[in-house]
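Observations on the model geometry
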Amino acid sequence: MKYVITLNGKRYEAEVARIDDFTPLTRANAAAAPAPAAPIVVNAPAAPAPAPVVAPAPAAAPTPAPAPAPAAPAAAGATTVTAPMPGNILDVPCTVGQAVTAGQTLVVLEAMKMENEIVAPVAGTVASINVKKGDTVETDAVLVTLN
């Protein structure tokens, strides 16, 4: 089905296709979800490129801030589990060396007054735990590493 949508005075065309082989994701099959068969294409007018801004050269170059220390690199073949959003660590119900299954809770993260269970994307063994109860983390912070 094709639709014509007008938004803020601009016309957009959208095409919607019915997919009959839809299956809802569960924790068990989320890690093995197939990629979409075809990319979604939206016809929209191209935005004009912004004009380049030329800044005058500074009289003296400022001293660069020191770079933050890099996180410890993961071992080859390791899977890292990262924070999907900033928040506070409420619980870490796993231990180093523990065997975990895909979908098993590794960390409980509180964000916006909601408890979010961060689960193992694959089965493996907990190689390292990089947070503890009470820590505050940012988005994409490495919480746990699995082998």
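In what follows, the structure referred to is the one given above.
Residues numbered from 1 in each chain as written. Predicted model: local features only at pLDDT ≥ 70, side-chain atom pairs only at ≥ 80, totals over all residues. Heavy atoms only, no water.

1. Topic: the overall build of the chain
As a reminder of what qualifies: Secondary structure follows DSSP: runs of H or I at least 4 residues long count as helices, runs of E at least 2 residues long count as strands, and numbering of each begins at the N terminus. Buried residues are those whose accessible area, probed at 1.4 Å on protein chains only, stays under 20% of the maximum for their type, while exposed residues exceed 50% and partly exposed ones sit between those limits. Contacts are assigned to residue pairs with any non-hydrogen atoms lying within 4.5 Å of each other. Computed with the Shrake-Rupley method and a 1.4 Å probe, the accessible areas treat only the protein chains shown as cover for residues.
Across its full length, the chain holds one helix and ten strands. Counted from the first residue to the last, the chain has its helices and strands arranged as β-β-α-β-β-β-β-β-β-β-β. Relative to its 147 residues, the chain shows a buried fraction of 17%. A separation of at least 24 residues holds for 54% of the contacts in the chain among residues at least 6 apart in sequence. Roughly 11,400 Å² of accessible area belongs to the chain as shown, and the carbon and sulfur atoms make up 61% of that amount.

2. Quick look at the nonpolar core
What counts here: Among buried residues, the Ala, Val, Leu, Ile, Met, Phe, Trp, Tyr and Cys ones that are joined through side-chain atoms within 4.5 Å form a nonpolar core.
With 16 residues, the main nonpolar core has Ile89, Leu106, Val107, Val137, Leu143, Val144 and Leu146 as its most contacted residues. Of all the secondary structure elements, the ones that give two or more residues to this core are strand 6 (105-111) and strand 10 (142-146).

3. Description of the pairing of strand 7 (residues 114-119)
Rules: Only strands that DSSP links by at least two bridges are regarded as paired with each other.
As defined by bridge partners, strand 6 adjoins strand 7 across six bridges and the pair is classed as antiparallel. Looking at the pairing, valine 107 lines up with isoleucine 118 of strand 7. Linking two consecutive strands that pair antiparallel, namely strand 6 and strand 7, is a turn of two residues; a positive phi of about 55 degrees is found at methionine 112 within it.

4. Focus on the sheet that holds strand 9 (residues 136-137)
The sheet built from four strands is open, its strands ordered 7-6-4-9 with antiparallel pairing. A single partner strand is all that each edge strand has here, and the edge strands are strand 7 and strand 9.

5. A few points about the sheet that holds strand 3 (residues 79-82)
Read from one edge of the open sheet, four strands run 3-10-8-5, paired in antiparallel fashion. Edge strands, defined here as strands with exactly one partner in the open sheet, are strand 3 and strand 5 (99-100). By the bridge criterion, three bridges tie strand 8 (residues 124-129) to strand 10 in an arrangement that is antiparallel. If you follow isoleucine 129 over to strand 10, its bridge partner there is valine 144.

6. Overview of a nonpolar patch on the surface
Note the following rule: Grouping into patches uses exposed residues only, defined as over 30% relative accessible area, and leaves out salt-bridged ones; the cut-off is 9 Å for like charges and 5 Å for nonpolar side chains (Val, Leu, Ile, Met, Phe, Trp, Tyr). Salt bridge criterion: a side-chain nitrogen from Lys or Arg within 4 Å of a carboxyl oxygen from Asp or Glu.
A surface patch of nonpolar side chains, about 520 Å² in accessible area, is lined by Met1, Tyr3, Ile5, Leu7 and Val16. For methionine 1, a relative accessible area of 66% translates into the label exposed.

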